[in-house]
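For reference, the chains in residue letters:
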Amino acid sequence: MAKRATQACAAIFALAFLVTGVVYVLFGSCPATNADFWSIYEFYFSHSWWQTAVQKYADHSLFFPNFFWLASVKFFHGSQVPLNLIGLALLFTTAALLLLLVWRDETTGRTMKIVATMVVIVGNFWMGREAITCFGGFNSENSLTMAAAALCFVLIRGTSRLWLMILIIIGAGFVSSFSCGQGFAIWPTLLLLAWCLRFRWPAIVAIGVGTLVAIITYQLLPPLSEDYRVIQAANSGGITLVAHLCRLISSPVLYAAAAWTGIRMNEYSSVNQASTLALWTGAVGLVLAGVILIRRVVRRDLGKSSLEIAGLGLVVFNVGAVMLIIAGRIQYFHMLPSEVLAPRYLFWSSLFWTGLFLVAIQRAEHQRWGRWTAIVFALAAVIFAWPEHYLMWFHNKLSKCRVEQAATAVINGVVDDNSWFLSLDPRQIGRVAPQLRAHRLDMFADGLQDWIGLNETSLFRGRRKPEDLRGKCRVSKLVECDNGAPAARVVGLATTRHHVPRVVRWAIAPVTWIVGKEIKKGYVTPARFVIVDPTGVVRGVARSCSLTPIVNRVFYQGRFPTTDFLGYIRDYNPQVQYVVRSADDDVLSEETIPVQDDASNNPQL
């Protein structure tokens with residue numbers, strides 16, 4: 001009875017994290033070019049596709065994931081949707097490869113395999129990693145790195161005499177290394193696993209040669225590295241390096257603890273107790289990992305358990321990845337120590353704990369008291385991780401809406417202070433956005449920018465229909481166009497008539513029973529609007545972060561406002577009365593919403 005109860009609990013937890021993780025990655029994925037990818041675009045517009053692929057960006061070789069991005073530019077107008085789907089597929093691939101090792105293990109029983117399955121799913125789909133997993137480009141490169149490493153773990157068992165398999169493993173190592181800088185951690189991981197699996201010396205030497213070739217190839221890729229940060233970090237770090245390593249490794253624990261306390265992470269991490277917790281938790285994790293690794297290196301008996309291969313591989317790989325992060329950013333961490341706990345690093349540190357739990361589960365299987373201790377700790381860790389997982393559902397949706405708003409400013413050719421949601425360098429946006437506009441890529445692919453300056457009668461062949469458009473809007477702030485002309489930010493609420501089809505209501509009825517939210521007939525906010533002056537000329541466009549009442553009620557507990565929109569007016573004249581029309585489905589609404597001027601007396605409002 002206890003075994004069945006444990007299996008049921010583990011299965012429920014795994015299903016809950018899997019379903020919610022996938023749903024919220026899909027709904028919360030970034031819809032526009034973000035952060036480092038502005039640099040890739042800028043390089044791409046002045047170089048060939050091959051030069052773009054081989055170029056290093058911020059010391060990362062993104063050779064293999066760059067082909068995903070280039071394919072999106074070539075065939076999908078730079079849309080983020082293909083990258084989001086590729087990143088999610090690679091997350092599934094990583095989890096599937098690790099689960100293959102879990103379920104083909106012959107040293108553990110069904111109960112422990114189900115618990116290990118729960119650990120793998122939670123480690124891969126925990127929303128604490130949303131700083132990476134909800135951005136298609138970043139998720140593609142990081143998940144490809146991890147998926148290639150997981151493939152190495154699957155293939156490495158018992159392959160010391162199969163040279164074709166060794167070559168495939170080395171090839172997967174190259175994919176991992178040239179998908180993201182952290183991927184170079186695969187080479188010490190493979191060498192350690194090969195030693196612990198009693199590989200013959202020729203096979204170990206072959207992996208060593210692959211390591212040297214990868215390092216030399218990386219060095220030869222442009223731009224050539226003039227400083228060797230790993231060596232510099234080793235010379236200058238000392239005890240500080242160890243402290244950074246401990247804190248970075250422990251960051252998932254600290255984020256989960258902050259979610260339980262209800263304090264924001266940026267405030268919680270500055271508390272002395274939180275810093276101490278991070279330091280000692282990371283130290284305990286690293287000591288446990290060190291004890292496990294030393295035993296396997298001495299005994300060289302790893303080949304008995306594929307589950308332990310997965311766990312040890314994850315531990316060594318992610319410790320290596322974290323060390324590479326610290327080595328590459330050591331000077332930055334010295335200036336700003338809080339950046340060690342940046343959420344983007346949770347992608348790697350969470351998998352370290354996943355691997356540690358997998359090893360503990362395998363080692364505890366045949367110990368008298370260890371079995372239930374491991375089960376209890378695994379279930380407790382999953383419960384401990386849930387609040388942060390839950391909070392990130394809402395955080396990533398807010399992030400998506402902010403990126404949508406910043407992209408709306410770029411579409412209108414307006415300079416606003418929300419541009420940092422797209423890039424920390426507004427000047428780079430000013431350089432690259434005209435190129436995106438000219439090639440109709442990314443946020444410009446829908447052509448909304450072409451509407452500005454046209455008469456509304458020329459849009460959609462003058463088609464209009466009654467939409468029962470209702471709402472209100474106002475000028476909230478005065479800003480500038482990219483040419484220095486005056487502009488205005490417009491914020492508002494709007495709805496149009498919308499009825500949920502009966503077949504849809506029937507299909508989602510079971511979900512509504514579970515969440516206790518009945519889906520009724522109602523209204524939705526249009527995704528696109530035009531802002532026109534009295535002469536009928538379109539002076540700007542507006543967009544909403546579209547979220548239907550059905551999705552809001554079922555998946556976000558009705559917490560998100562579903563009627564907000566934001567837009568801009570170019571060449572703004574406060575003496576002119578502007579109106580807003582909805583522009584969905586290639587038709588304008590007959591109804592209009594007048595724009596109220598609230599910002600003329602307080603431009604900083």
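Below is a summary of the structure that appears in this document. Everything quoted here is computed from the prediction, not taken from an experiment.

Analysis parameters
- What you see as residue numbers is a count from 1 along each chain, following the sequence as written.
- Local features in this predicted model are restricted to residues of pLDDT 70 or higher, and side-chain atom pairs are both shown and tallied only at a pLDDT of 80 or more, whereas totals for entire chains, interfaces and linings draw on every residue.
- In computing side-chain values, all of the structure's heavy atoms are included and hydrogens and water are not.
- The numbering of helices and of strands both runs from the N terminus, where a helix is a DSSP run of H or I of at least 4 residues and a strand a run of E of at least 2.
- Think of it in three bands: with a 1.4 Å probe and only protein chains considered, a residue is buried below 20% of the maximum accessible area for its type, exposed above 50%, and partly exposed in between.
- Whether two residues are in contact is decided by their heavy atoms: any pair within 4.5 Å suffices.
- Computed with a 1.4 Å probe, the accessible areas rest on the Shrake-Rupley method; for each residue, only the protein chains presented here act as cover.
- The term salt bridge refers to a side-chain nitrogen of Lys or Arg lying within 4 Å of a carboxyl oxygen of Asp or Glu.
- Any residue with relative accessible area above 30% and no salt bridge may belong to a patch, with like charges joined within 9 Å and the nonpolar Val, Leu, Ile, Met, Phe, Trp and Tyr side chains within 5 Å.
- By disulfide we mean two sulfur atoms from cysteines, separated by a distance within 2.5 Å.
- Only the six-membered ring of Trp is used, alongside the rings of Phe and Tyr, when aromatic pairs are assigned; centres must lie within 6.5 Å, and planes under 30 degrees apart are stacked while those over 60 apart are edge-to-face, with the rest tilted.
- Counting as a charge over the ring demands two things of the Lys NZ or Arg CZ atom: a distance within 6 Å of the ring centre and an angle within 35 degrees of the ring normal.
- Nitrogen and oxygen atoms within 3.5 Å of one another constitute a polar contact, given that in protein one can donate a hydrogen and the other can accept it, and given that sequence-neighbouring residues count only through two side-chain atoms.
- Being paired, for any two strands, means DSSP has found at least two bridges between them.
- Here the positive residues are Lys and Arg and the negative ones are Asp and Glu; neither His nor the chain ends is included.
- We call a set of buried Ala, Val, Leu, Ile, Met, Phe, Trp, Tyr and Cys residues a nonpolar core when their side-chain atoms join them within 4.5 Å.
- Multiplying one less than the number of residues by 1.5 Å gives the expected span of a helix.
- Note on definitions: angles span 0 to 180 degrees between N-to-C directions of axes, and those axes are lines fitted to C-alpha atoms, for helices only across the stretch in contact.
- Relative orientations are named as follows: roughly parallel for angles under 35 degrees, roughly antiparallel for angles over 145 degrees, roughly perpendicular for angles from 65 to 115 degrees, and oblique for any other angle.
- Handedness of a crossing is defined here by the sense of rotation of the near helix relative to the far one, left-handed for an anticlockwise turn of less than a right angle and right-handed for a clockwise turn.
- Amino acids are sorted into nonpolar (Ala, Val, Leu, Ile, Met, Phe, Trp, Tyr, Cys and Pro), charged (Asp, Glu, Lys and Arg) and polar (every other residue, Gly among them).

Attention now goes to the overall build of the protein. Across its full length, the protein holds 23 helices and 13 strands. By the burial criterion, 55% of the 605 residues in the protein qualify as buried. Within the protein, residue pairs in contact and separated by at least 24 positions form 76% of the contacts whose partners lie at least 6 positions apart. Only carbon and sulfur atoms are counted for the fraction: they give 63% of the accessible area of the protein, which is about 27,100 Å².

Any two side chains of opposite charge can pair, so long as their charged atoms come close to each other. What the rule picks out here adds up to 20 salt bridges. Lysine 465 serves as the salt-bridge partner of glutamate 467, at 3.9 Å between the closest nitrogen and oxygen. Judged by relative accessible area, which is 38%, lysine 465 ranks as partly exposed.

So, on to a nonpolar patch on the surface. Residues Trp201, Val205, Val209 and Val213 make up a contiguous nonpolar surface patch of roughly 390 Å² in combined accessible area. Relative to the assigned elements, valine 209 resides in helix H11 (residues 201-220).

By definition, a disulfide links two cysteine residues through a covalent bond between their sulfur atoms. According to the stated counting rule, one finds one disulfide in the structure shown. Note on cysteine connectivity: cysteine 401 is disulfide-linked to cysteine 545, with sulfurs 2.3 Å apart. Taking the torsion about the sulfur-sulfur bond, which here is approximately -80°, the covalent link between cysteine 401 and cysteine 545 counts as left-handed. With cysteine 401 in helix H20 (residues 370-411) and cysteine 545 in the loop between strand E9 (538-543) and helix H23 (549-555), the pair connects residues that are 144 residues apart, well separated along the chain. Residue cysteine 401 is classed as buried on the basis of its relative accessible area of 14%. Note on cysteine 545: relative accessible area 17%, which makes it buried. Here cysteine 30 is not disulfide-linked; the sulfur of cysteine 134 is the nearest cysteine sulfur, at 9.3 Å. For cysteine 30, a relative accessible area of 3% puts it in the buried group.

Right, let's get into the packing of aromatic side chains. The description of an aromatic ring pair rests on the distance of the ring centres and on the angle between the ring planes. A full pass over the atoms with the stated rule returns 28 aromatic pairs. Summarising the aromatic geometry, the rings of tyrosine 41 and phenylalanine 45 are spaced 5.7 Å apart at their centres and angled 15° between planes, so their arrangement reads as stacked. When sorted by exposure, tyrosine 41 lands in the same class as phenylalanine 45, which is buried. Aromatic pair phenylalanine 63 and phenylalanine 64: ring centres 5.0 Å apart, planes at 85°, arrangement edge-to-face. Ring pairing ties together the aromatic residues Trp49, Trp50, Phe63, Phe64 and Phe67, which thus form one cluster. In this structure, lysine 56 is placed above the aromatic ring of tyrosine 218, and the distance from its NZ or CZ to the ring centre is 4.6 Å. Here arginine 129 stacks its cationic end above the ring of phenylalanine 347, 4.0 Å away from the centre of that ring.

On to the side chain of serine 29, then. Structurally, serine 29 can be placed in the loop between helix H1 (2-28) and helix H2 (37-44). Here the side chain of serine 29 touches valine 25 through a polar contact of 2.3 Å, landing on its backbone oxygen. Filtering out sequence-adjacent residues up to four positions away, serine 29 remains in contact with Tyr24, Asn84, Cys134 and Lys400.

Along the chain, leucine 212 turns up in helix H11. On a C-alpha basis, the gap between leucine 212 and tryptophan 187 in space is 9.4 Å, while along the polypeptide they are 25 residues apart.

Right, let's talk about helix H10 (residues 186-196) for a bit. Working note: α-helix, 3.6 residues per turn, so residues spaced by three or four point in the same direction. Turning to H10, its buried residues number three or more, namely Ile186, Trp187, Thr189, Leu190, Leu193, Ala194 and Cys196. Phi for arginine 198, located one or two positions after H10, is positive at around 60°.

This next bit is on the pairing of strand E10 (residues 564-570). Most of E10 is tucked away: six of the seven residues are buried. In this structure, E9 lies alongside E10, joined through two bridges in antiparallel fashion. Its bridge partner being in E10, arginine 543 is matched across the sheet by leucine 566.

This part takes up the environment of proline 65. Mapped onto the fold, proline 65 is located in helix H4 (residues 63-76). For the pair proline 65 and valine 175, spaced 110 residues apart in sequence, the C-alpha separation works out to 9.2 Å.

Further remarks concern the side chain of arginine 300. Considering the arrangement of structural elements, one finds arginine 300 in the loop between helix H16 (272-299) and helix H17 (306-328). The charged side chain of arginine 300 is buried without a salt bridge, its nearest counter-charge being aspartate 301 at 9.0 Å. Side-chain polar atoms of arginine 300 contact the backbone oxygen of tryptophan 195, separated by 2.7 Å. Not counting residues up to four positions away in its chain, the partners in contact with arginine 300 are Trp195, Cys196, Arg198, Phe199 and Arg295.

To continue, consider the nonpolar core. Counting residues in hydrophobic clusters, the biggest one holds 156 residues, and the most contacted among them are Met118 and Phe153. No other element matches the 15 residues that H20 contributes to this core. Beyond its immediate sequence surroundings of up to four residues, methionine 118 is in contact with Ala10, Phe13, Ala14, Ala378, Leu379 and Val382. Counting 16 residues, the second largest nonpolar core, distinct from the first, contains Val475, Ile531, Phe565 and Val580.

A cis amide bond links proline 222 to the next residue, proline 223, at an omega of -10°. Turning to its location among the elements, proline 223 is positioned in the loop between H11 and helix H12 (229-236). A positive phi angle, near 55°, is found at histidine 77, a position not held by glycine. In this model, phenylalanine 460 sits at a positive phi of 55°, which is unusual for a non-glycine residue. Residue placement: phenylalanine 460 occurs in the loop between helix H21 (426-439) and strand E4 (464-465).

If you check H1, its first and last C-alpha atoms are 38 Å apart, about what 27 residues at 1.5 Å a residue would give, namely 39 Å. Listing the buried residues of H1 in full gives Thr6, Ala10, Ala14, Phe17, Thr20, Gly21, Val22, Val23, Tyr24, Val25 and Gly28.

Next up on the list: the packing of helix H6 (residues 110-125) against H20. The N-to-C vectors of H6 and H20 enclose an angle of 25°; their axes lie 11 Å apart at closest approach. The angle between H6 and H20 falls in the class roughly parallel. Seen from above, H6 lies across H20 with left-handed handedness. Across the interface between the two elements, Thr111, Met112, Val115, Met118, Val119, Val122 and Phe125 of H6 pack against Arg371, Ala374, Ile375, Ala378, Leu379, Val382 and His389 of H20. Across the contact of H6 with H20, the residue classes break down as eleven nonpolar, two polar and one charged.

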